[in-house]
Amino acid sequence: MFTFYGWLVCVWVLVVSFQYGYHISALNQIQATLTCRTVPAFTPRTLPTCIPMSDATFSLVTSVFTVGGFLGSTTAGIAMDRYGRKAALQISGLFTAIGAGLMGVAPSTFLLLVGRFLTGCGAGIGLCTGPIFLAEVAPSNIRGSVGVLTQLAIVFGIMITQLLGLRMATPTLWRFVLLFSFLASVVQLCLSRFIIETPVWLKQQGKTEESRAVKKYLLQQPGPPESIEDPLIDETRQEPQHESDDRWGTPRTAPISTSELLTSLELRRPLVVVSFAMICQQLSDPFPCPTDAGPYVSLGITLVNTLMTFPPIFLSMPLLLVSVAGALASLVLTGYGLNTGMIVTSSMSILVFVMSFAVGLGPIPFIIISEVAPSHAVSALSSVALSLNCMILYPLSFGILCLTLNRDCEFFRRSRLPTPPQSISGGDSTKEGRVFYFFAVLFYRPRIRSTS
């Protein structure tokens, strides 16, 4: 099992996942104050109390985080293989610290935009590297539970930023919401000198003795010293059946590039499985509620999401099947409740959907990357999968608007972008539930096939 130091290493790694969740929601609660919607702009001796901007400009500032995340995830594989897992996380922390610091002291929209982009880059690198780091240091008997901690850190980050935003959405305090992230990254970077590299990466670099020494720091286990190696990830598990089965091709330890991954027939199935899991996770991620009570509703949803992320840490059952089944049922019931005016039914169904997402569709995609591919392919595979995750978020956030009422597509008309000829609701507010039927159909056939 882990030593106390091993758990401290996990906490250090999870800071990057926390930062990803934190910045997903960092601007939501302080939007009205940040954009001078509730108070007029005032410039004291140092920094302005708010930064005037339109809704379109604020949307650009918010969405550039996804662009940075995409660029960060595409380069994460190179950083992991060339410099190591620990160095990649340090790079992630550095980007996040600089970006959050710039946002916290930004006097203008431009610096806010640059800072948001840099935090996105840091999040992209960190979210690719963190799950792999955890998988490569965790004992085999608790590897799945440790992997779930990535999703738990993400929802904790969302929850903390929402709580801070509710208390600090004032002209004099909103900057501290962003500076809190800066401080967390600075502390992580300062503590990195005490963190080890993963045994798997050290072994790939031919540093076998150093790899064995690192394992002794991570594990406490009775018996002779050589038995310490057994619980950790090893090449025989990550490159299965090399001696009796050549389905992975010729055994190798040198990391592969993204182009090699995309052209490898042996790795085609792991690539499809992991990519599909990441896309499905993004499609099923609960979106915030755009109402006057939105901050409190979002906080309530996040609290439920956080609480329901704990069961996968301790339970041993087909959580992905349970998660998909619960999500399907809740989508259908939510649509029915909206179309028939049964508000209680639709409200409870939304909670069931959030709970279903938290127990399976949320955490499992981060776990399976190191489970379905050999060690020399996990960096490239993680980079591709997280890039797809970021790519689908940007169009999804806009596309959902046009799947409800036609009036919600006003943004596209004003921006001279093409609008869909007919939304699913047909412009009828009594048929808004149809969008949930649409997602239920998308949900059903491919997901049930992938989990069978």
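Model, not experiment: these values are computed from the prediction. (Residues numbered from 1 in each chain as written. Predicted model: local features only at pLDDT ≥ 70, side-chain atom pairs only at ≥ 80, totals over all residues. Heavy atoms only, no water.)

### Considerations on unusual backbone geometry
What counts is decided by this rule: Put simply, DSSP H or I for four residues or longer makes a helix, DSSP E for two residues or longer makes a strand, and each gets a number counted from the N terminus.
Even without being glycine, Cys36 reaches a positive phi, approximately 65 degrees. Tracing the backbone through its elements, the reader meets Cys36 in the loop between helix H2 (31-34) and helix H3 (55-83).

### As for the packing of helix H1 (residues 4-24) against helix H4 (residues 85-104)
When two helices pack together, their arrangement is captured by the angle between the axes and the distance separating the axes. Quick note on the threshold: Angular values range over 0 to 180 degrees, each being the angle between N-to-C directions of two axes fitted as lines to C-alpha atoms, with helices fitted over their stretch in contact. Put simply, a crossing is left-handed when the front helix is turned counterclockwise from the back one by less than a right angle, and right-handed when it is turned clockwise. Note on contacts: a residue pair qualifies if any of its non-hydrogen atoms lie within 4.5 Å across the two residues.
Axis separation between H1 and H4 bottoms out at 10 Å; the angle between their running directions is 35 degrees. With respect to the hand of their crossing, H1 and H4 are arranged in left-handed fashion. In this structure, H1 contributes Trp12, Val13, Val16, Gln19 and His23 to the contact, and H4 contributes Lys86, Leu89, Ser92, Thr96 and Ala100.

### Focus on the packing of aromatic side chains
Inclusion rule: Between rings of Phe, Tyr and Trp, where Trp is taken as its six-membered ring, a pair exists when centres lie within 6.5 Å; planes separated by under 30 degrees are stacked, by over 60 edge-to-face, and by other angles tilted.
As enumerated under the stated definition, the model contains 4 aromatic pairs in all. One aromatic cluster is present, formed by Phe18, Tyr22 and Phe180 through successive ring pairs.

### Points about helix H9 (residues 208-218)
We apply this condition: Residue burial is assigned from relative accessible area. The probe radius is 1.4 Å, only protein chains are included, and a residue is buried under 20% of its type maximum, exposed over 50%, and partly exposed in between. Here, the arc refers to the directions that run from the helix axis to the C-beta atoms.
Turning to H9, its buried residues number three or more, namely Ser211, Val214, Lys215 and Leu218. Projection of H9 onto a plane perpendicular to its axis shows the buried side chains occupying an angular sector of 105 degrees, all on one side. Exposed and facing more than 90 degrees away from the buried side of H9 are Glu209, Lys216 and Tyr217. Lining the buried residues of H9 we find H1, helix H5 (109-137) and helix H8 (199-204).

### A few points about the state of the cysteines
What counts is decided by this rule: When the sulfur atoms of two cysteines come within 2.5 Å, that pair is taken as a disulfide.
All chains considered together, the criterion is met by 1 disulfide. The residue that forms a disulfide with Cys36 is Cys50, at a sulfur-sulfur distance of 2.0 Å. Looking down the S-S bond of the Cys36 and Cys50 bridge, the torsion is 105 degrees, so its handedness is right-handed. Within this pair, whereas Cys36 is found in the loop between H2 and H3, its partner Cys50 is found in the loop between H2 and H3, the two being separated by 14 residues in sequence. Comparing Cys36 with Cys50, the two get one shared label, buried.

### Details of the confidence of the model for the protein chain
Under the convention used in this document: The predictor attaches a confidence to each residue, called pLDDT, with possible values from 0 through 100.
In the predicted model, the protein chain carries a mean pLDDT of 75, and the fraction of residues at 70 or more is 70%. Counted against residues more than four places away or in other chains, residues 398-412, with its pLDDT under 50, gives 34 contacts. Note that pLDDT drops below 50 for residues 446-452; the model gives that stretch 13 contacts with residues more than four away or on any other chain.

### Side note on the nonpolar core
To keep things clear, this is the line we draw: What we call a nonpolar core is a set of buried Ala, Val, Leu, Ile, Met, Phe, Trp, Tyr and Cys residues that are connected through their side-chain atoms within 4.5 Å.
With 31 residues, the main nonpolar core has Leu261 and Leu381 as its most contacted residues. When contributions to this core are tallied by element, the ones reaching two or more residues are H3, H5, helix H6 (143-168), helix H12 (268-283), helix H17 (364-372) and helix H18 (378-399). Of the residues forming this core, the biggest block, 6 residues, is contributed by H18. Here Leu261 is in contact with Ile256, Leu267, Leu271, Ala380, Leu381 and Val384, once residues within four sequence places are set aside.

### Concerning a nonpolar patch on the surface
Using the following cut-off: The patch calculation keeps residues exceeding 30% relative accessible area without a salt bridge and links them within 9 Å when they carry like charges or within 5 Å when they are nonpolar (Val, Leu, Ile, Met, Phe, Trp, Tyr). The Shrake-Rupley method, run with a 1.4 Å probe, gives the accessible areas here. Residue values count only the displayed protein chains as cover. Note on definitions: salt bridges are taken to be side-chain nitrogens of Lys or Arg within 4 Å of carboxyl oxygens of Asp or Glu.
On the surface, a cluster of nonpolar side chains totalling about 460 Å² of accessible area is made up of Phe182, Leu183, Val187, Leu191 and Phe194. Relative to the assigned elements, Phe182 resides in helix H7 (residues 174-191).

### Some thoughts on the pattern of salt bridges
The tally for this structure, following the rule as stated, stands at 4 salt bridges. Of the charged contacts in the structure, one is a salt bridge between Asp81 and Arg85, with a shortest N-O distance of 3.4 Å. The closest approach of N and O atoms between Glu209 and Arg212, which form a salt bridge, is 3.5 Å. Within this pair, Glu209 and its partner Arg212 are both found in helix H9, separated by 3 residues, close to a single helical turn. The structure contains a network of salt bridges with shared partners spanning Asp81, Arg85 and Glu136.

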